[in-house]
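Examination of the molecular architecture
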Amino acid sequence: MSTTIAGIKIPDSALARATTDYIRDIESDLLYHHSRRVFLFGALSGERQQLAYDPELLYVGAMFHDLGLIEGHRSDDERFEVDGANAAAAFLKPYGLSDDDIEQVWLSIALHTTPGVPKHLRPTVALVTAGVEMDVLGMDYAAFSSVQREAVVHAHPRGEGFKECIICAFADGLRHRPQTTFGNVKTDVLKDQEPGFKPMNFVEVIRNSPWVN
């Protein structure tokens, strides 16, 4: 039986159910509930903007978007967003989705921490980021009614201290591969959480390149 939260129906296809089961078994309560809220806030944003989005693709993108932080699903040399995107693409292949649909999900995960770009792309890509930005950063908070926000959080609680807990979850998934935060927002996480962390500097990279001038 399908579930409706804040007027948004949770996809109930075989793929969606398999996605829920897979992520629920792997991720902590913190990341699982966060991912469900990302779907709901992303879908609500899509409804408000009257975008023709695919709920199933949006759901998979939202549910997999932080998988690359989890031990056993994270690499040593890729950005965590890419790890999650690759895992989602591999998960989708047996379900017979088109290459275009799989690429949309891949991009929605790979770009969800790249400000200013996803909103110009397809709805699946734009709305995963919109959901993340609402739940983590509070962006467009006032555009969601208090009834919508309360319904989402009632179904999938933020829990005590979500802000600090999600920062810690990011750091736990990144501290073994700090070089992958170069040029992206997760640099700020390691600067905050890892004493002595010195991020790569883009200007220094240019000046220290092997070119003579």
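Here, the structure is the one placed above.
So, here is what we can say about the structure in this document. All values reported here derive from a predicted model rather than from experimental measurement.

Quick notes on the nonpolar core
Counting residues in each nonpolar core, the largest one holds 52 residues, and the members touching the most others are I8, F39, L40, L58, F64, L92 and V105. Those elements that provide at least two residues to this core are α1 (14–26), α2 (29–49), α3 (55–64), α4 (80–92), α5 (99–110), α6 (123–137), α8 (162–174) and α9 (186–193). The biggest single contributor to this core is α2, with eight residues. Setting aside residues up to four positions removed in sequence, F64 forms contacts with T19, Y22, I23, G84, A87, A88, F91 and I109.

Observations regarding the packing of α2 against α8
α8 packs onto α2 with a crossing angle of 105° between their chain directions and a minimal axis gap of 11 Å. Taken as axis vectors, α2 and α8 run roughly perpendicular relative to one another. Residues L30, L31, H34 and R37 of α2 form the contact with α8, whose own contacting residues are F162, C165, I166 and A169. When grouped by side-chain class, the residues that make up the contact of α2 with α8 number six nonpolar, one polar and one charged.

Describing the layout of surface pockets
Rolled over the atoms, a probe sized like a water molecule indicates the empty space that remains. By volume, the largest pocket is sized at about 780 Å³. In this structure, the largest pocket is lined by 40 residues; those nearest its centre are T129, V132, E133, L137 and M139. Mapped by element, the contributors of at least two residues to the lining of the largest pocket are α2, α6, α8 and α9. Counting residues per element, the lining of the largest pocket draws most heavily on α6, which supplies 10 residues.

Let's talk about unusual backbone geometry
Positive phi, close to 55°, is recorded for Q50, a residue that is not glycine. Under the relative-accessibility criterion, Q50 is labelled exposed at 75%. In this model, D140 sits at a positive phi of 60°, which is unusual for a non-glycine residue. Looking at where D140 falls in the secondary structure, it is placed in the loop between α6 and α7 (146–155).

Topic: the packing of aromatic side chains
This structure, assessed with the given rule, holds six aromatic pairs. Between F39 and Y59, the aromatic rings sit 5.2 Å apart at their centres with planes inclined by 85°, giving edge-to-face as the arrangement. Taken together, the residues span a long stretch of sequence, with F39 in helix α2 and Y59 in helix α3 at a distance of 20 residues. You'll find F39 and Y59 in the same group, each marked buried. Here the guanidinium or amino end of R37 rests over the ring plane of F162, the centre of that ring lying 4.8 Å away.

Focus on the side chain of H34
Within the secondary structure, H34 sits in helix α2. Taking the relative accessible area as the measure of exposure, H34 reaches 1% and is therefore buried. Leave out the neighbours within four places in its chain, and H34 touches H65, D66, D135, V136, F162 and I166.

A closer look at the side chain of S45
Note on placement: S45 falls in helix α2. The class for S45 is buried, based on a relative accessible area of 3%. Beyond its immediate stretch of four places on either side in the chain, S45 contacts L127, A130 and F144.

Points about empty space enclosed by the protein
The full count for this structure, using the stated rule, is one cavity of 30 Å³ or more. Taken as a whole, the largest cavity encloses approximately 30 Å³ of empty space. Together, R79, F80, E81, L174, T180, T181, N184 and K186 line the largest cavity. Across the lining of the largest cavity, the residue classes tally to two nonpolar, three polar and three charged.

How each quantity is defined
- Residues numbered from 1 in each chain as written.
- Predicted model: local features only at pLDDT ≥ 70, side-chain atom pairs only at ≥ 80, totals over all residues.
- Heavy atoms only, no water.
- Core = buried A, V, L, I, M, F, W, Y, C linked by side-chain atoms within 4.5 Å.
- Buried < 20%, exposed > 50% of the residue type's maximum accessible area, 1.4 Å probe, protein only.
- Helix = DSSP H or I, 4+ residues; strand = E, 2+ residues; numbered from the N terminus.
- Contact = heavy atoms within 4.5 Å.
- Axes fitted to C-alpha atoms, helices over the stretch in contact; angles between N-to-C directions.
- Parallel < 35°, antiparallel > 145°, perpendicular 65-115°, else oblique.
- Nonpolar A, V, L, I, M, F, W, Y, C, P; charged D, E, K, R; others polar.
- 1 Å grid on protein atoms, 1.4 Å probe; cavity = no way out; pocket = protein on both sides within 12 Å on 5 of 7 lines; lining within 4 Å.
- Points joined across faces, edges and corners; volume = space filled by probe spheres on them.
- Phe/Tyr/Trp six-rings, centres within 6.5 Å; stacked < 30°, edge-to-face > 60°.
- Lys NZ or Arg CZ within 6 Å of the ring centre and 35° of its normal.

Distances and angles like these do not, on their own, reveal function.
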